[in-house]
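Geometric and topological summary
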Amino acid sequence: MNSDQKSGREQGCEDSLFLRALRLEATERTPVWLMRQAGRYQESYRKVREKVDFLSLCHNSQLAAQVTVQAVDELGVDAGIIFADILLPLECMGSGLRFAKGDGPVLDNPIRSAGDVERLQEFDVEEGLGYVFQSVRNFIAERPTVPLIGFAGAPFTLASYLIEGGSSRHFDKTKAFMYCQPEAFEKLMVLLTNMTIAYLQGQKQAGAHCLMLFDSWVGALSRHDFARHVLPHSRRIVKAVSGPTIYFGTSCGGMLDLMSEAGSTALGVDWRSDMAAAWSAIGHDRAVMGNLDPCVLLAGREEIAAQVDLILQQTGARPGHIFNLGHGILQNTSQENVRFLVDTVKERSQALRGESRTIGMKR
Ligand code: 1CP
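The sections below set out a description of the structure shown in this document. (Residues numbered from 1 in each chain as written. Predicted model: local features only at pLDDT ≥ 70, side-chain atom pairs only at ≥ 80, totals over all residues. Heavy atoms only, no water.)

Turning next to the overall build of the chain. Looking only at helices and strands, the chain features 16 helices and nine strands. Radius of gyration (C-alpha) of the chain: 20 Å, near the 21 Å computed for a compact globule of 363 residues. A burial count over the chain gives 54% of its 363 residues as buried. Roughly 15500 Å² of accessible area belongs to the chain as shown, and the carbon and sulfur atoms make up 49% of that amount. (Helix = DSSP H or I, 4+ residues; strand = E, 2+ residues; numbered from the N terminus. Rg over C-alpha atoms; globule rule 2.2 N^0.38 Å. Buried < 20%, exposed > 50% of the residue type's maximum accessible area, 1.4 Å probe, protein only. Areas by Shrake-Rupley, 256 points an atom, 1.4 Å probe, with all protein chains shown as cover.)

The structure is reproduced here in structure tokens:
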């Protein structure tokens with residue numbers, strides 16, 4: 001390796017704990033980042049949001065990179081996730097996305113018929129979402145040694161917002177559409193899959209080091225319906241983007257083995273699953289990410305530390321665990337507790353590595 005190559009590598013983040021863990025390499029401690037690490041629980045984020053509404057913040061590549069940097073700096077986490085939203089591509093498709101007061105997303109033109117699917121606009125990702133690619137480049141220019149996660153919503157989760165017209169509890173309209181109009185549903189899934197591939201590839205080209213596919217609501221499906229209607233599309237996305245990927249869902253404990261068939265580098269696991277059992281179901285040839293209940297951050301330090309220890313014991317210092325919550329940080333969380341969590345994961349995981357080495361030597 002000549003000196004130019006060496007300095008390039010040292011400046012980059014290929015040797016970061018986060019990317020090493022994704023490659024199942026041993027690390028001196030467990031890497032940690034947190035879903036929704038940039039958000040309303042932070043004073044610095046609320047300050048930015050006083051001046052701009054949520055969508056304008058996403059559209060502004062300079063501000064979006066700034067809030068991404070703020071989260072990384074304030075918490076000392078091992079990866080950033082670009083500030084954007086899974087629903088942004090739906091804006092470009094003519095869905096009439098807006099965020100109503102009280103926060104829920106609303107899509108003014110929901111999909112209720114095969115004709116509605118036909119009317120969805122296909123668009124060029126560079127034209128429609130180039131501002132996200134620019135946010136990625138801005139973050140990397142500011143923090144070149146911090147690995148950056150690009151992301152997109154997975155087709156089923158995006159379809160659920162399009163069909164329900166917003167958030168949902170039971171996904172009844174989505175499932176009824178899937179059962180009653182399977183051809184139109186399939187067409188919608190293919191359209192969303194193609195768009196998602198182009199969108200993720202754009203983020204990768206802009207420099208994102210890892211790509212995450214959020215299938216937040218896929219746990220609402222049976223194994224049978226997941227395998228039939230969703231898995232082929234997720235698999236196609238993972239294959240098309242290549243490089244490190246994380247596939248994430250919630251309430252998916254009963255189908256983690258199927259989700260791992262999508263072929264991602266890592267799988268997200270939520271708190272409803274025991275981490276050790278989940279990893280066995282997924283297969284130890286994959287990395288795992290998780291799985292603290294975000295509500296634990298509403299407790300005191302003793303409870304937080306105890307629950308961190310439990311998860312670290314369950315993963316047993318096996319290479320390939322990335323510590324995270326099982327879902328995003330809640331708005332009413334104290335930032336002090338979030339910082340305490342990150343510090344605790346770092347300290348305890350490092351100490352555990354030391355202990356297991358000592359025990360190994362005594363044997
Ligand atoms: O300023 C605000 O109050 C807006 C709140 C907010 C934020 C901070 C929303 C609205 N989105 C985001 C940013 C965001 N969303 C990020 C980047 C920030 C970070 O993680 O640090 C990411 C990765 C997302 C992804 C996202 N958006 C998901 C997948 C993850 C998950 O939480 O399951 C989903 C489902 C959304 C939709 C969404 N965005 C926002 C809301 C209120 C919702 C609806 C959630 C719901 O239906 O329950």
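Having seen the model, we can carry on.
Inspection of every chain in the model, using the stated rule, returns 16 salt bridges. One salt bridge in this structure joins Asp270 and Arg272, with 2.3 Å as the shortest N-O distance. You can call Arg272 partly exposed: its relative accessible area is 49%. Residues Asp285 and Arg286 are paired through a salt bridge, measuring 3.8 Å at the closest nitrogen-oxygen approach. (Salt bridge = Lys/Arg side-chain N within 4 Å of Asp/Glu carboxyl O.)

Okay, helix H8 (residues 125-142) next. Spanning 18 residues, H8 covers 24 Å between terminal C-alpha atoms, matching the ideal 26 Å at 1.5 Å per step. Remark: the principal bend of H8, roughly 45°, maps to Tyr131. Those residues of H8 that are buried are in contact with helix H4 (54-59), helix H5 (61-75), helix H6 (88-92), strand E4 (148-153) and helix H11 (182-206). Of the residues that open H8, the one with a side-chain oxygen 3.1 Å from the backbone nitrogen of Glu126 is Asp124. (Expected span 1.5 Å × (residues − 1). Bend = angle between axes of the 7 residues up to and from the residue. Contact = heavy atoms within 4.5 Å. Polar contact = N/O pair within 3.5 Å; in protein donor to acceptor, adjacent residues only side chain to side chain.)

Take the site of the ligand next. By nearness alone, 24 residues border the ligand, and Tyr45, Tyr161, Ser167, Ser216 and His327 come closest of all. In this structure, a nitrogen atom belonging to the ligand sits 2.7 Å away from a side-chain N or O atom of Asp85. Protein contacts shield 88% of the accessible area of the ligand, which totals 890 Å² for the unbound molecule. Counted by class, the shell around the ligand contains 15 nonpolar, four polar and five charged residues. (Near = heavy atom within 4 Å. Nonpolar A, V, L, I, M, F, W, Y, C, P; charged D, E, K, R; others polar.)

On to the side chain of Arg353, then. Looking at the element boundaries, Arg353 is found in helix H16 (residues 335-362). There is no salt bridge for the buried Arg353, and the closest opposite charge comes from Glu28, which lies 7.4 Å off by N-O distance. Among the polar contacts made by the side chain of Arg353, one reaches the side chain of Thr30 at a distance of 3.4 Å. If near-sequence neighbours (up to four positions away) are discounted, Arg353 is found in contact with Thr27, Glu28, Arg29, Thr30 and Ala317. (Lys, Arg positive; Asp, Glu negative; His and termini not counted.)

Attention now moves to the nonpolar core. Residues Phe18, Trp33, Met212 and Leu341 are the most contacted members of the largest nonpolar core, which totals 123 residues. Counting residues per element, this core draws most heavily on H11, which supplies eleven residues. Those residues in contact with Leu341, other than ones at most four positions away along the chain, are Leu34, Leu292, Leu297, Ile304, Val308, Phe323 and Leu325. (Core = buried A, V, L, I, M, F, W, Y, C linked by side-chain atoms within 4.5 Å.)

Our next topic: the packing of aromatic side chains. Overall, the coordinates contain seven aromatic pairs when judged by the stated rule. Ring geometry for Phe54 and Phe83: centres 5.9 Å apart, planes at 80°, overall edge-to-face. Residue Phe54 is located in helix H4, and its partner Phe83 is located in the loop between strand E1 (80-81) and H6; the two are separated by 29 residues in the primary sequence. We note that Phe54, like Phe83, is buried. (Phe/Tyr/Trp six-rings, centres within 6.5 Å; stacked < 30°, edge-to-face > 60°.)

The relative placement of two packed helices is expressed as an angle between their axes plus a distance between the axes. Two elements in contact, helix H9 (residues 155-164) and helix H10 (residues 172-180), have axes separated by 8 Å at closest approach and are oriented at 105°. Relative to H10, the element H9 lies roughly perpendicular. Between H9, through Phe156, Ser160, Ile163 and Glu164, and H10, the contact on the second element is made entirely by Asp172, Lys173, Thr174 and Phe177. When the residues that make up the contact of H9 with H10 are grouped by side-chain class, the tally is three nonpolar, two polar and three charged. (Axes fitted to C-alpha atoms, helices over the stretch in contact; angles between N-to-C directions. Parallel < 35°, antiparallel > 145°, perpendicular 65-115°, else oblique.)

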